[in-house]
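# Structure assessment
Listed below are the residues making up each chain.
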Amino acid sequence: HLRKEFAKWLPQWIEHFGVETAEHLNLGYINVLRRDVTPQFFNKEGGLELDKVLRVFSEIPGKHESLEPPYDCRVTVNLGNAPARKLSIRVKDATTPANGVAIKVTLETFPQVSRDGGVSEVLELLDWSHERIIERFEQVFTDEAKVSFTPEAQ
């Protein structure tokens with residue numbers, strides 16, 4: 001729903017700041033999982049059962065009882081095309097004394113804007129980025145996790 005506002009304000013921002021060229025667009029979506037929001041993913045001892053939430057970074061080879069914070073795993077993939085279009089998936093510890101064990105899962109894109117790319121190209125890349133993030137969201141999170149997510153009130 002912010003796409004319309006972005007299209008309205010981007011040209012004005014470019015003009016106001018005298019932007020001659022854009023090099024990259026960066027778009028990221030963040031999901032935070034903690035016991036008070038998604039208790040079904042935590043065990044009795046308070047540990048996060050990451051394999052119930054994510055299809056990535058949750059299967060660590062070797063014998064162990066559980067994954068322990070702090071978590072910090074990241075991968076960046078090049079989705080192709082010229083100029084390059086990259087997407088990053090990051091699982092980072094978001095534990096606080098007030099909320100306890102928590103993780104932040106970020107899906108973020110970094111597409112390059114062509115040398116002569118203007119407002120229309122940036123808006124096309126915004127749409128492309130949104131679509132790629134939604135595709136990866138569907139692949140990264142388990143079905144159980146996806147049905148539990150609701151937007152957090154601001």
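Residues numbered from 1 in each chain as written. Predicted model: local features only at pLDDT ≥ 70, side-chain atom pairs only at ≥ 80, totals over all residues. Heavy atoms only, no water.

### Side note on the overall build of the chain
Helices and strands together make up the secondary structure of the chain, namely three helices and four strands. Its helices and strands taken in sequence order, the chain reads α-β-β-β-β-α-α from the N to the C terminus. Structurally, the chain occupies a C-alpha span of about 55 × 35 × 25 Å along its principal axes. Accessible surface, the chain as shown: approximately 10200 Å² in total, 52% of it carbon and sulfur. Of the charged side chains in the chain, 19 are positive and 24 negative, and the gap between their average positions amounts to 1 Å. (Helix = DSSP H or I, 4+ residues; strand = E, 2+ residues; numbered from the N terminus. Areas by Shrake-Rupley, 256 points an atom, 1.4 Å probe, with all protein chains shown as cover. Lys, Arg positive; Asp, Glu negative; His and termini not counted. Charge placed at Lys NZ, Arg CZ, Asp CG, Glu CD.)

### Section: the packing of aromatic side chains
Tallied over the entire structure, the rule returns two aromatic pairs. Consider the rings of Phe137 and Phe141, whose centres lie 4.8 Å apart with planes at 45°: the pair is tilted. Take Phe137 and Phe141: they sit in the same class, and that class is buried. Arg85 extends its terminal NZ or CZ atom over the ring of Trp128, reaching a point 5.0 Å from the ring centre. (Phe/Tyr/Trp six-rings, centres within 6.5 Å; stacked < 30°, edge-to-face > 60°. Buried < 20%, exposed > 50% of the residue type's maximum accessible area, 1.4 Å probe, protein only. Lys NZ or Arg CZ within 6 Å of the ring centre and 35° of its normal.)

### Comments concerning the sheet that holds strand S3 (residues 85-93)
Whenever strands of a sheet pair, they do so through backbone hydrogen bonds, lying parallel or antiparallel. What the four strands build is an open sheet, ordered S1-S4-S3-S2; its pairing is antiparallel. If you trace the sheet from one side to the other, it starts and ends with strand S1 (27-34) and strand S2 (72-78), each paired once. Recorded for the sheet is a direction-independent mean angle of 10° between the axes of neighbouring strands. By the bridge criterion, nine bridges tie S3 to strand S4 (residues 102-111) in an arrangement that is antiparallel. (Pairing = 2+ DSSP bridges. Axes fitted to C-alpha atoms, helices over the stretch in contact; angles between N-to-C directions.)

### As for the pairing of S3
As judged from the seven bridges shared by S2 and S3, these two strands associate in the antiparallel manner. Paired with Val75 across the strands is Ile89, a residue of S3.

### Brief notes about the nonpolar core
By size, the foremost hydrophobic cluster in this structure holds 27 residues, and its most contacted members are Leu48, Val53, Leu54, Ile103 and Phe141. Breaking this core down by element, the ones donating at least two residues are S1, S3, S4 and helix H2 (119-140). Of the residues forming this core, the biggest block, seven residues, is contributed by H2. (Core = buried A, V, L, I, M, F, W, Y, C linked by side-chain atoms within 4.5 Å.)

### What to know about helix H1 (residues 3-17)
Three or four residues apart is the spacing at which side chains of an α-helix point the same way, because the helix has 3.6 residues per turn. The end-to-end C-alpha distance of H1, which contains 15 residues, comes to 21 Å, matching closely the 21 Å that a straight helix rising 1.5 Å per residue would cover. At Trp9, H1 is bent by approximately 30°, the largest bend along its length, and proline Pro11 sits one to four residues beyond. Where H1 terminates, the next one or two residues include Gly18, which has phi positive at roughly 65°. (Expected span 1.5 Å × (residues − 1). Bend = angle between axes of the 7 residues up to and from the residue.)

### Some remarks on H2
Between the first and last C-alpha of H2 there are 31 Å, a value that for 22 residues agrees with the 32 Å anticipated at 1.5 Å per step. Contacts made by the buried residues of H2 are with H1, S1, S3, S4 and helix H3 (143-148). (Contact = heavy atoms within 4.5 Å.)

### Here's the deal with the environment of Val77
Mapped onto the elements of the fold, Val77 is located in strand S2. Given a relative accessible area of 27%, Val77 falls into the partly exposed group. For the pair Val77 and Ile89, spaced 12 residues apart in the sequence, the C-alpha separation amounts to 8.6 Å.

### Remarks on the side chain of Ser58
Tracing the sequence through the fold places Ser58 in the loop between S1 and S2. On the basis of relative accessible area, Ser58 is assigned to the buried category, the value being 12%. Of note is the side chain of Ser58, whose polar atom sits 3.1 Å from the backbone oxygen of Leu54. (Polar contact = N/O pair within 3.5 Å; in protein donor to acceptor, adjacent residues only side chain to side chain.)

### Here's the deal with the pairing of S4
Side chains on a regular strand alternate between the two faces of the sheet. Most of S4 sits out of view: eight of its 10 residues are buried. Relative to S4, S1 is paired through eight bridges, and the arrangement is antiparallel. Note that in S4 the partner of Gly28 across the bridge is Glu108.

So far we have only geometry, and geometry alone does not tell us how the molecule works.
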